[in-house]
Amino acid sequence: KFIKNNNRTLIDVGANIGSITIPALKKNFFTNAIAFEPNPESFKLLKVNILINNLENKVKLYDVALTNKRTIKTLKSDLKLNRGDNRLINGKKIGKNFFRVKTDMLDNFTKKFNKKNSLIKVDVQGEESIILFASKKTLSKKIPIIIEFEPLNLKKNWKKYFIYIFKYYKYFYDLKDNNSAKKMNTLNNLNLLYQKYLNKKSFTDILFI
């Protein structure tokens, strides 16, 4: 409804096992995709799911965690209750739920993209701010971006993070509201959204344009 589909590429940060990328391509909302998933177990399933759905020619897969620098870090994963709960931590812990993974920056993958040919979706368990603070080149292109908004999972400096996003985007949509109207990017509007989902102990996805 909110953006024109013009041979768009979906840039899926936190792709998990393909639950967003695969239906987006199968339903022809996008012509191709780039998917990032650092969890080795989920990445294996992602590759298999892409093959099962005959999408291997439409998707580029990267088993890296996007963050604010290129290095090697430890990924802590919840393999029992929530396979999508993966978080980068300090140290070199070893065990069933810990993986050493490559990291990189979003700017290194978006040189060919702009607001007319792509859409970014970021869902990384509250670590979105770390990625986006290091993505000035990407954000300056004003590529539409979808970010999970969960008050209970936001860090203390969440307002600073969104003020930073406001530098690049003028409006947002609440994608969980079927009757969502385009709203100006102001702290007042964002505070109202924060209280709404905090009271519900729930979450939504925000589309910034």
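See the structure shown above.
Residues numbered from 1 in each chain as written. Predicted model: local features only at pLDDT ≥ 70, side-chain atom pairs only at ≥ 80, totals over all residues. Heavy atoms only, no water.

Considerations on the overall build of the chain
For the chain, the helix and strand inventory stands at six helices and 12 strands. Computed over its C-alpha atoms, the radius of gyration of the chain comes to 17 Å, within 12% of the 17 Å expected for a compact globule of 209 residues. Across its three principal axes, the chain shows a C-alpha extent of roughly 45 × 40 × 30 Å. Long-range pairs, those at least 24 residues apart, make up 69% of the contacts in the chain between residues at least 6 apart in sequence. For the chain, the computed accessible surface area is about 11,700 Å², with 52% contributed by carbon and sulfur atoms. Across the chain, the 42 positively charged side chains and the 17 negatively charged ones have centroids separated by 6 Å. (Helix = DSSP H or I, 4+ residues; strand = E, 2+ residues; numbered from the N terminus. Rg over C-alpha atoms; globule rule 2.2 N^0.38 Å. Contact = heavy atoms within 4.5 Å. Areas by Shrake-Rupley, 256 points an atom, 1.4 Å probe, with all protein chains shown as cover. Lys, Arg positive; Asp, Glu negative; His and termini not counted. Charge placed at Lys NZ, Arg CZ, Asp CG, Glu CD.)

Remarks on the sheet that holds strand E9 (residues 145-149)
Strand order across the open sheet formed by eight strands is E3-E2-E1-E8-E9-E12-E10-E11, with mixed pairing between neighbours. Two strands in the sheet have a free side with no partner beyond their single neighbour: strand E3 (59-62) and strand E11 (183-184). In terms of strand pairing, E9 meets strand E12 (residues 204-208) through five bridges, oriented antiparallel. In the sheet register, isoleucine 145 faces E12, and the bridge partner there is phenylalanine 208. Sheet strands in contact with helix H5 (residues 158-166) are E9 and E12, and its direction is about 165° off that of E9. Against the sheet, helix H6 (residues 187-200) contacts E9, strand E10 (171-174), E11 and E12, and its axis sits at roughly 15° relative to E10. (Pairing = 2+ DSSP bridges. Axes fitted to C-alpha atoms, helices over the stretch in contact; angles between N-to-C directions.)

Looking at the pairing of strand E1 (residues 9-13)
With respect to burial, E1 is a largely interior element, five of its five residues being buried. Alignment of E1 against strand E2 (residues 32-36), held across five bridges, turns out to be parallel. Bridge pairing links threonine 9 to asparagine 32 in E2. Since E1 and E2 lie parallel, the crossover through helix H1 (residues 21-26) that links them has a hand, and here it is right-handed. Two strands pair when backbone bridges link them, and E1 and strand E8 (residues 118-122) are joined in this way by five bridges, in the parallel orientation. Bridge pairing in E8 places threonine 9 opposite serine 118. (Buried < 20%, exposed > 50% of the residue type's maximum accessible area, 1.4 Å probe, protein only. Right-handed = clockwise from strand over helix to strand, strands pointing away.)

Description of the packing of H5 against H6
Packing of H5 against H6 leaves a shortest axis separation of 11 Å and a crossing angle of 130°. The orientation of H5 relative to H6 falls into the category oblique. Like other packed secondary-structure pairs, H5 and H6 cross with a definite hand, here right-handed. For the pair H5 and H6, the contacting residues are Trp158, Lys159, Phe162, Ile163 and Phe166 in the first and Leu187, Leu190, Asn191 and Tyr194 in the second. Looking at the contact of H5 with H6, its residues break down into seven nonpolar, one polar and one charged. (Parallel < 35°, antiparallel > 145°, perpendicular 65-115°, else oblique. Left-handed = near helix turned anticlockwise from the far one by under 90°. Nonpolar A, V, L, I, M, F, W, Y, C, P; charged D, E, K, R; others polar.)

Overview of the pattern of salt bridges
Any two side chains of opposite charge can pair, given that their charged atoms come close. For the structure on display, the rule yields four salt bridges. In this structure, lysine 121 engages aspartate 12 in a salt bridge whose closest nitrogen and oxygen atoms are separated by 2.6 Å. With a gap of 109 residues between them, lysine 121 in strand E8 and aspartate 12 in strand E1 connect regions that are remote in the sequence. You can call aspartate 12 buried: its relative accessible area is 0%. A salt bridge links lysine 102 to aspartate 63, with the shortest nitrogen-to-oxygen separation between them at 3.7 Å. Here aspartate 63 lies in the loop between E3 and strand E4 (64-66) and lysine 102 lies in strand E7 (residues 98-104), a separation of 39 residues in the sequence. Since its relative accessible area comes to 44%, lysine 102 is described here as partly exposed. (Salt bridge = Lys/Arg side-chain N within 4 Å of Asp/Glu carboxyl O.)

Brief notes about the nonpolar core
Grouped burial of nonpolar side chains is what soluble globular proteins tend to show. In this structure, Val13, Leu132, Ile145, Phe162 and Phe208 are the most contacted members of the largest nonpolar core, which totals 34 residues. By residue number, the principal contributor to this core is H5, which donates six residues. Sequence-distant contacts of leucine 132, defined by excluding residues within four places in its chain, comprise Leu106, Leu139, Ile145, Ile147, Tyr161, Tyr164 and Ile165. Of all hydrophobic cores here, the second largest spans 17 residues; its members include Ala15, Ala24, Ala33 and Leu55. (Core = buried A, V, L, I, M, F, W, Y, C linked by side-chain atoms within 4.5 Å.)

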